[in-house]
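Single-letter residue listing:
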Amino acid sequence: MKKIVFTIYIILLAVISSNAQCLKGVITDSNGEPVRYATVYVNELKHGTTSNIKGEYEIKLKPGSYTVFFQSLGFSPEVKSITIGQADKIMNITLSIQYYQIPEVRVTATGEDPAYGIMRKAIGLAPYHLNRVKHYEADVYIKGSVVVNKLPRLITRNIEKEDVEIREGDSYLIESINKIEYDAPDIYRQTVIAQHSTFPEIQDSDISPMDVVRASFYQPVLADIAISPLAPNAMSHYRFSYEGSTPQGKYIVNKIKVIPKRKSQQVFEGTLYIIEDLWCLHSLDLTNENLAGSINIEQVYTPVEDDIWMPVSHNFDVKVSIVGVDADGTYGSSVTYAAVEPNTELPRPEALDLNPTAEQDILQEQREASKTQQKIEEILQKDELNNRDMSRLSRLMEKEAEESEAGEDDLEIKKTTSYTVEEDASEKGSEYWNEVRPIPLSEEEKKSIRVSDSLKLETGLKTTGSVHDSTSIAEGRSKSKFFRVMGDIFQGETWYGKNNNSRSTFGGLLDPDHFGFNSVDGFKCGIDFNYYNEWSSGKTLSLTPEFGWDFARENANWSLSGMITYNPMKQSRLVFWGGMGSKDFTNSAGISPFINMATSLLLKDNYLKLYESRFLTISQRSEYFNGFYVELRYAYDNRRLLENNTNFSLFRRDEDYSENIPFNEYLGAGGDTDADYLITNHIHHQFSTVISYIPRQRYRINEGRKSAAGSDYPTFKIYYDHGINITPDDDYHHFDHIQFEANKSKSIGAFNEYSWRFRAGGFINNEKLQFQDFNHFNIQSLPFLIRNHQDAFMLPDYYTLATPEYYIEAHFRYTTPYLLIKLLPFLSNSLMRENITLAYLYSPHTSHYYELGYGLSEIFLIGKIGVYAGFEDLSFKSAGVRFTFIFR
């Protein structure tokens, strides 16, 4: 049956191909050198393609008359009117150098480079051009190829262990043909018609044009990598130079050189071509230098509908040079627009109406200009814009674009991308690809396909009929199985159930999270398991038992935690955890057990103070309406004081560890029942309620499960705790604790973000309050840390800020790529970001405490360094440096 279907397919292909002839040729410059990646665009079909690295192009056309544009960056475009008959047509094209002239009218009275006036209008109108299209349908061909020039032996050996063969000097190809449908503002539907890859171990499903299709230089940041020269804050990162203009048809094209103000991995360098009076992109040639190498991007735009310029070709040249790997890659695409529908809800500024259509005139007459539109027109009427005008225009255009979007009040974020692969997408043969491929293959790419096909054939023959020494195979398998089992025991392993709906995980004997040392428990070790199951209804179950042994105390520790989500649409969950073991006195972040182990073994400093806890906690949380959550919690804890049980250390063996009692001004001696505030053995019961509200919370619904997706408003929380502590003498001590909290994090512009958090609370009755129930604060007073602590105090000693009274706490953090140190030339090219932090605390015994910090984050992507200064009642108190290593 498959043979019959295949035969019919070949016949149909032959019939179809008989109705489409081929226009092909070579595009060269005036010296006869090939012009690679030149754009070939058929006006009547809205179809674009590009030449290959040898300047060869090929495009299938039915008999008829066409207008074909041939253009490439730096060359004057050629326009040809052709007639296609019943035979293929060969047309070689010679492109001449494009010369740009600086007209006298561009010389400004202030002496400012004319590029800035052009770029201010282009930047201000970028949101308009980004949102000009309401709907389009396009056929997109994507082709990528990579040549591995150098591969270190270590990487080669690791690849060979996975039975993957990548050879130096070989070329690898990946290509796909897709249908894309777009609906504003961000809904994409992708159907993969055909896909093919010669990359080892690369699945066909990995071939997707969506990253290329969705990326736009009208966006402030491209793919979270670099800042666009059309971003609202582009003037802070780029200088611009006017290199002249040239007429192209009825348009004037301005050539603008883009120059980074400082060397950085987050900016581009190159050339933009801007259309006069429309202030939109005509084409671009930009390069980004980064940690892995460099990427050059060339895009050519063309008017596809009513002066709407859209990209018809994308070309990326990638050079990778990192950790000994050297590779060159190219990634190109051609786009054919089947339908383009303008966004008529977005008012078109009158200053851009070069040739308005009758329909546009009618819409403009019917539409009453809003105040926003009037302000836009007022700005655009100016002969020259300053930076303030540019920023204001950009904000106004963003506001217009938002108002034009239907359903902007809908808080649900719909799934924006659908992905469908046709059943036979990966089975299309060479005959099909030779017929439909719009960009000719190079000789290296053809060789890659031949080698890949031969390897697939060889693999098939081996699978069906080869003979090997069964003894050697069995021995190899036996050794492999032994090492695999030993690896699972020591490093852990995960087993998946049917359809991957469940999984069981063993953490391994060498899990660093279960190995440690402190002066109370001595050396510790343990293991953990996890079971997780998810049903089709969205309900889930998770269970995690942990078992360990404390050698100095000669005591076992264990815990069992679990979570059940029983109403996915309400995000309802039931959580429980219980067990027995030592626990930190603080209920905040506290000191890292790993850091405490290091300071104990090396410096004989045991900062971590512990008590024995035999505990059980049950919590239920649910969403009652969008953004409004209520959590109810009950906790039981049998708390017992512990003493140091070991004096072992690698150094300073003659010294003793400090007593296992936290230092805090409110506390008396451990076990003193006459003190105002206690640290004694007792049994603890606590009933808690947490009410959270996130105004206008956005959310997603996927397969019957709701998940929060942020809000433009802060998160508000109210905590209420009622606790009962029972001493060994059966004395009952009640307390009530109330806390209000508000917090917000937000990204602002390219790679800039800020966050703040405010807390205020106190105890209504706090007589004989136990230290564990004080309000504790996140303190990180050691110079070396292994977590990226947010909203922490970096200078006070551990446990010293905890209070049984009222308090006010506030934190603010601002992060930006460039502020002070990053402006230095030798640091500007790094990916580090600068941070300013401010922390504030008031309580009766701390008075007004301020902490100001400055730091660098993302140092080599894993490090952070900060300098902090503390002030009490505006008087200097202390200062310190913190180094943070972030291990994931």
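In what follows, the accompanying structure is described. (Residues numbered from 1 in each chain as written. Predicted model: local features only at pLDDT ≥ 70, side-chain atom pairs only at ≥ 80, totals over all residues. Heavy atoms only, no water.)

## Structural notes on the overall build of the chain
Within the chain one finds 12 helices and 42 strands. Expressed as a percentage of the 888 residues in the chain, the buried residues total 46%. Taking all contacts inside the chain whose residues are at least 6 apart in sequence as the whole, residues at least 24 apart take part in 60%. (Helix = DSSP H or I, 4+ residues; strand = E, 2+ residues; numbered from the N terminus. Buried < 20%, exposed > 50% of the residue type's maximum accessible area, 1.4 Å probe, protein only. Contact = heavy atoms within 4.5 Å.)

## Overview of the pairing of strand β41 (residues 863-872)
Here 9 bridges tie strand β40 (residues 847-859) to β41, and the two strands are oriented antiparallel to one another. Looking at the pairing, Leu852 lines up with Ala869 of β41. Between β40 and the antiparallel strand that follows it, β41, lie 3 residues; Phe860 among them carries a positive phi value of about 55°. Inspection of the sheet shows β41 paired to strand β42 (residues 875-885) by 10 bridges, in the antiparallel sense. Bridging from a neighbouring strand, Gly866 pairs with Arg882 of β42. Count of turn residues in the β41/β42 antiparallel hairpin: 2 residues, of which Asp873 carries a positive phi of about 55°. (Pairing = 2+ DSSP bridges.)

## Some points on helix α2 (residues 114-124)
Judged by how many residues are buried, α2 sits mostly within the fold: 11 of 11 residues are covered. You can read the cap of α2 off the contacts: a side-chain oxygen lies 2.8 Å from the backbone nitrogen of Ala115, and it is on Asp113. (Polar contact = N/O pair within 3.5 Å; in protein donor to acceptor, adjacent residues only side chain to side chain.)

## A word on a negative patch on the surface
On the surface, Glu422, Glu423, Asp424 and Glu427 cluster together into a patch of negative charge. Position of Glu427 among the secondary structure elements: in the loop between β21 (417-421) and α9 (430-436). (Patch = residues over 30% accessible without salt bridge, like charges linked within 9 Å, V, L, I, M, F, W, Y side chains within 5 Å. Areas by Shrake-Rupley, 256 points an atom, 1.4 Å probe, with all protein chains shown as cover. Salt bridge = Lys/Arg side-chain N within 4 Å of Asp/Glu carboxyl O. Lys, Arg positive; Asp, Glu negative; His and termini not counted. Charge placed at Lys NZ, Arg CZ, Asp CG, Glu CD.)

## What about helix α12 (residues 593-603)?
All buried positions along α12 are accounted for by Ile595, Asn596, Met597, Thr599, Ser600 and Leu601. For α12, the secondary structure elements touched by its buried residues are β24 (516-518), β25 (522-534) and β37 (784-785). Count one or two residues on from α12 and you reach Lys604, which has phi positive near 65°.

## Some points on the environment of Gly880
Its location among the elements puts Gly880 in strand β42. Given the relative accessible area of 13%, Gly880 is considered buried. When the C-alpha atoms of Gly880 and Tyr868 are compared, they prove to be 5.4 Å apart, with 12 residues separating the residues in sequence. Contacts of Gly880, omitting those with residues within four sequence positions, involve Leu795, Gly866, Val867 and Tyr868.

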